[in-house]
Amino acid sequence: MPSLKRIICLANSWKLKERCIAGIDLDTDQWIRPICDRFPNDGRVPRDIRLVDGREPELLDILAIPLADTGEDFGFESENFTIVSGKWQLLGKAIPANLFPYCGNYPHILYNSIKYVNVSYLQSLPFQQRRTLQLVHVIKFSVQAQKSSSGVIQWKGTLETSSGQKLTDANITDPVFVAKLEVGYQATGEYLVTVSLGMPWIPDNWEGEAPCWKLIAGVIEIPKSTNQQNTMDLVDRSDLIAQTDREMQRIGWNVDQGRKYLQQNFNKRSRQLLTLTELAQFLSYLQSLSNASSLSQPDNDDC
């Protein structure tokens, strides 16, 4: 059944003069790429569908998007959900400091240390393991402008993550970040970067199958104050969440009961969206309860 899915927008990038939108589903912590059946070959999202309150979706927007339960995978993508009729809604803004848990722990940026992934490799994996989107914490980021044979300027980025992974000379398709580069912005800080696999494409003089090239599809600058506190905050957050897990188990709360409390008291459905102060308040409340809550709902996923 179609439903409104709430995602943190982590990519709004160029795709054949339209856009590719992608983000994390707040209810499942999984990537979602809304696709439009108006473009059956690649699913790009046209402007008349994607605008929210008359503007482009921005990185960190929390969006409610009407989506079907499935979508065309184009032979290799697992994250696609078809857009159905209905208005896109803006629910709020996410905080960069709360997004680090979504970076995951992978040995490479999208499978390997080179700039592309072959479709045949993706098709060799079980469907749900076909990752074509990844959020990475970048500590070194250099950019350069290159002119194509047709005279078009293309910005490319080379990045290194906090785990030592590297990606070299990847096309930057984030239009907002490119606009900043064009007026002299210098990439000197730390960033959360969404790396995406594009549709298969063969450059000139290429031999072999058409690969999916890695693209820098979304760039979120981490405020310096966040950089300084990031390691400590991650440890604190992980510890607080673990303590809330233990307390919920002690008092007999299921996940839906936890979510209901978060919605009623913080207007948030996930602990990942709480500030450290809010997490501490939630933990304190749980510790004050001596027995099972009267709230009774069916068990569900993690809150």
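Residues numbered from 1 in each chain as written. Predicted model: local features only at pLDDT ≥ 70, side-chain atom pairs only at ≥ 80, totals over all residues. Heavy atoms only, no water.

A.B. asks: Help me understand the sheet that holds strand β4 (residues 61-67), please; the structure alone is not making it clear to me.
C.D. replies: In any sheet, the strands associate via hydrogen bonds between backbone groups, in a parallel or an antiparallel arrangement. One open sheet accounts for 6 strands, arranged β5-β3-β2-β1-β4-β6; its pairing is mixed. Two strands in the sheet have a free side with no partner beyond their single neighbour: β5 (80-82) and β6 (89-93). Ignoring strand direction, the axes of neighbouring strands in this sheet form an average angle of 45 degrees. As paired strands, strand β3 (residues 31-35) and β5 are joined by 3 bridges and run parallel to one another. Within the sheet, the bridge partner assigned to Ile35 lies in β5 and is Thr82. (Pairing = 2+ DSSP bridges. Helix = DSSP H or I, 4+ residues; strand = E, 2+ residues; numbered from the N terminus. Axes fitted to C-alpha atoms, helices over the stretch in contact; angles between N-to-C directions.)

A.B. asks: Which parts of the structure should I look at to understand the layout of surface pockets?
C.D. replies: Approximately 1300 Å³ is the volume found for the largest pocket. Lining the largest pocket we find 38 residues, and of these Gln154, Asn171, Thr173, Trp201 and Leu215 sit closest to its centre. Here the lining of the largest pocket is composed, by residue class, of 17 nonpolar, 10 polar and 11 charged. There is about 580 Å³ of room inside the second largest pocket. Considering the residues around the second largest pocket, the lining is formed by 30 residues, among which Asp29, Gln30, Trp31, Glu79 and Gln128 are closest to the centre. In terms of residue count, the dominant contributor to the lining of the second largest pocket is strand β8 (residues 133-147) (3 residues). Its residues assigned to classes, the lining of the second largest pocket shows 11 nonpolar, 10 polar and 9 charged. (1 Å grid on protein atoms, 1.4 Å probe; cavity = no way out; pocket = protein on both sides within 12 Å on 5 of 7 lines; lining within 4 Å. Points joined across faces, edges and corners; volume = space filled by probe spheres on them. Nonpolar A, V, L, I, M, F, W, Y, C, P; charged D, E, K, R; others polar.)

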